[in-house]
Amino acid sequence: MPPHPPVQFESVNGPTNPDDPSRPSGEESISAAAEHARAQLHEEIERVRRGVEQMLDEQNAPLNSDLRRELDTMQEDLRRYVKTRVRKSQKQTNRRVSRLEDRTEVLEKRLDSMDAERRLTEWRIHTDTAHMLDGLLGQVRAIADRLEGKTPPSSF
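Residues numbered from 1 in each chain as written. Predicted model: local features only at pLDDT ≥ 70, side-chain atom pairs only at ≥ 80, totals over all residues. Heavy atoms only, no water.

1. Quick notes on the overall build of the protein
When you go through the protein residue by residue, the secondary structure sums to 2 helices and 0 strands. When the 156 residues of the protein are sorted by exposure, 6% land in the buried category. Long-range contacts, defined here as pairs at least 24 residues apart, represent 63% of the contacts in the protein between residues at least 6 apart. As displayed, the protein has an accessible area near 13,800 Å², and 56% of this comes from carbon and sulfur atoms. (Helix = DSSP H or I, 4+ residues; strand = E, 2+ residues; numbered from the N terminus. Buried < 20%, exposed > 50% of the residue type's maximum accessible area, 1.4 Å probe, protein only. Contact = heavy atoms within 4.5 Å. Areas by Shrake-Rupley, 256 points an atom, 1.4 Å probe, with all protein chains shown as cover.)

2. A few points about the pattern of salt bridges
Side chains that carry opposite charge are capable of pairing whenever their charged atoms lie near each other. Across all of its chains, the model carries 10 salt bridges by this definition. As a salt-bridge pair, E76 and R79 come within 3.1 Å of each other at their nearest N and O atoms. Residue E76 and its partner R79 are located together in helix α2 (residues 65-148), separated by 3 residues, close to a single helical turn. Accessibility expressed as a relative area gives 35% for E76, which makes it partly exposed. Residue classification places R79 among the partly exposed residues on the basis of a relative accessible area of 48%. Across the salt bridge formed by D77 and R80, the nearest N and O atoms sit 3.2 Å from each other. With D77 and R80 both in helix α2, this residue pair falls 3 residues apart, about one helical turn. A network of salt bridges, in which partner residues are shared, links D115, R118, R119 and E122. (Salt bridge = Lys/Arg side-chain N within 4 Å of Asp/Glu carboxyl O.)

3. Regarding α2
Helix length check: α2 (84 residues) gives 122 Å between terminal C-alpha atoms against 124 Å at 1.5 Å per residue, within 8%. When α2 is considered as a whole, its buried residues turn out to be L71, L78, T127 and D145. Backbone geometry just downstream of α2 places G149 in the positive-phi region, at approximately 85°. (Expected span 1.5 Å × (residues − 1).)

4. Thoughts on a positive patch on the surface
A cluster of basic residues, K83, R87, K88, K91, R95, R96 and R99, forms a positive patch on the protein surface. On the secondary structure map, K88 appears in helix α2. Using a relative accessible area of 43% as the deciding quantity, one classes K88 as partly exposed. (Patch = residues over 30% accessible without salt bridge, like charges linked within 9 Å, V, L, I, M, F, W, Y side chains within 5 Å. Lys, Arg positive; Asp, Glu negative; His and termini not counted. Charge placed at Lys NZ, Arg CZ, Asp CG, Glu CD.)

Shown next, in the form of structure tokens:
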């Protein structure tokens, strides 16, 4: 039986310091970086599991039941973990969307009240201006009547 090629692992980048001032401002957030690191870890675990299975298949040796059980357990644990993380992520997203919807509703109500207040203010300004102009017109007529020597009409 020919010797098996050595299993090679890809190098994994070390974690970056989120407080490092040399980090570009456009880099992903800490939580996104953590999610990315988790995904890489799970990919690496799955890759190692597949590598072990492939190596055992190449040896054409009957698979040890303990090893098979352990591999199956690892795979099931990984599925459960991913399912839990996805569910938690969905809940967080739903909460954020709900908060945004609440804020949007508050802002819409505020805009509506400001629009109503603006319309009321415009009406007041128009009405007050009309009253003021009517009063000024009456005063101008009274002054014109005095200048012409007419007696002002009596007001009741």
